[in-house]
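Understanding the architecture of this molecule
The chain contents come next:
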Amino acid sequence: MRIMFFLFFLLGPLQPGFAQPVSFPALSGNADAPVLVVYSSLDEPLAKPMIAGFQQANPDVTVRYEDMLTGEIYDRIVKETDAGQKTADFAFSSAMDLQVKLSNDGYAQRSDLPMSSRWPSWANWRNTAYALTFEPAVFVYHKPSFTTEKPPSTRAEFVDYLKRQGNAVFGRIGTYDIERSGVGFLFMARDQEQFGDIWTVIQQMGAAGVKLYSTSSAILERVADGRFVLGYNILGSYAADWAKRHPDVGIVLPKDYTVVMSRIGLVPQAAASPDLGRRYLEFFMSAEGQTIMARELQIPAVSPDVQGENTANTMRAMLGAQLRPVPVSPGLMVYLDQVKRARLIARWNEVLRLQ
């Protein structure tokens, strides 16, 4: 447990945001250098080490970085492509379903790269959409509230705890609102596939007066100060940042199974400079780029060639089959179907009300 916590303790803040496009001039000083356009849901300040590494290897390239929300990335690529315009050369987003939909619907082009054949099969959709990070969902807990017993480490233990302590901790459980949180919806959809008794978990959370939020920070803030005792299915990279700054926040990787999500990179079909987009994607997948991802961006690396604390290799060595990565495949688009999405949300709301 100490090793697992240390692994997550190393992960840093990844809060998404919106900012004006930022230009990083070519290191060569050439004012007419070719321009790589990036659409990304990762904050520009957090992306700087990756951009710097890429430009060290490609001093002849200027980078224009556009930081936006995941839905905006998808909408803009589709809109620009359908209008016959050029769009980003590289798109990097945590909305796995929308990135795969771009690929599946012909808005992304094939990128055959040196690492393509060696990339994990679950993380590569037809050499078009690549998972570039490895980020588990965790339970978080308020340490002072668990001095006499251990925090739940499986969903069955989570249910047992709520049955025994639900009245005592009523209103002090938090999780994502799947209607407003994309990652929350993704995790719930995976829970439904992985755990046959998931609705018992949801029902017990409802009975315990669970509070729903669209952001990780809203839940973690309340766990940190003791207003909440537990948070369910919280993205581990956010949780680790809070644990690093708030010693009362504890982290558990569920032992029954731990869902792992990824941020996906691709080269849009209508890229103005697809060769530059592929060059950037290749750098993201290289040992150098993935090492920067793990050590400097502090996001877990997926590359099979990168070792160390903050990597899929290390997590798999420690946790094995407990880890359940979300495959990069058209299966991700199932819940983009509005009817299926509405059904899942309706059942979620109905079960939460069964108190």
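Residues numbered from 1 in each chain as written. Predicted model: local features only at pLDDT ≥ 70, side-chain atom pairs only at ≥ 80, totals over all residues. Heavy atoms only, no water.

1. Describing the packing of aromatic side chains
This structure, assessed with the given rule, holds 16 aromatic pairs. For the pair Phe139 and Phe158, a centre-to-centre distance of 5.2 Å together with 55° between the ring planes defines the contact as tilted. Of this pair, Phe139 sits in strand E8 (residues 135-142) while Phe158 sits in helix H5 (residues 155-165), and the two are 19 residues apart along the sequence. Plain terms: the ring middles of Tyr280 and Phe284 are 5.2 Å apart, the flat faces sit at 80° to each other, and that makes the pair edge-to-face. Residue Tyr280 and its partner Phe284 are both found in helix H10 (residues 274-285); the two are separated by four residues, about one turn of the helix. (Phe/Tyr/Trp six-rings, centres within 6.5 Å; stacked < 30°, edge-to-face > 60°. Helix = DSSP H or I, 4+ residues; strand = E, 2+ residues; numbered from the N terminus.)

2. Quick notes on the pairing of strand E9 (residues 173-176)
When E9 meets strand E11 (residues 230-235), the two strands line up parallel, connected through three bridges. Paired with Gly174 across the two strands is Gly231, which belongs to E11. Bridging between E9 and strand E10 (residues 211-213) involves three bridges; their strand directions are parallel. Within E10, the position partnered with Thr175 by the bridge is Leu212. (Pairing = 2+ DSSP bridges.)

3. Details of the pairing of strand E13 (residues 258-261)
Here E13 shows a buried face lined by Thr258 and Val260 and a second buried face lined by Val259 and Met261. Bridge analysis of E13 against strand E15 (residues 323-325) gives three bridges, and the strand direction is parallel. In the strand pairing of E15, Val259 is matched with Arg324. (Buried < 20%, exposed > 50% of the residue type's maximum accessible area, 1.4 Å probe, protein only.)

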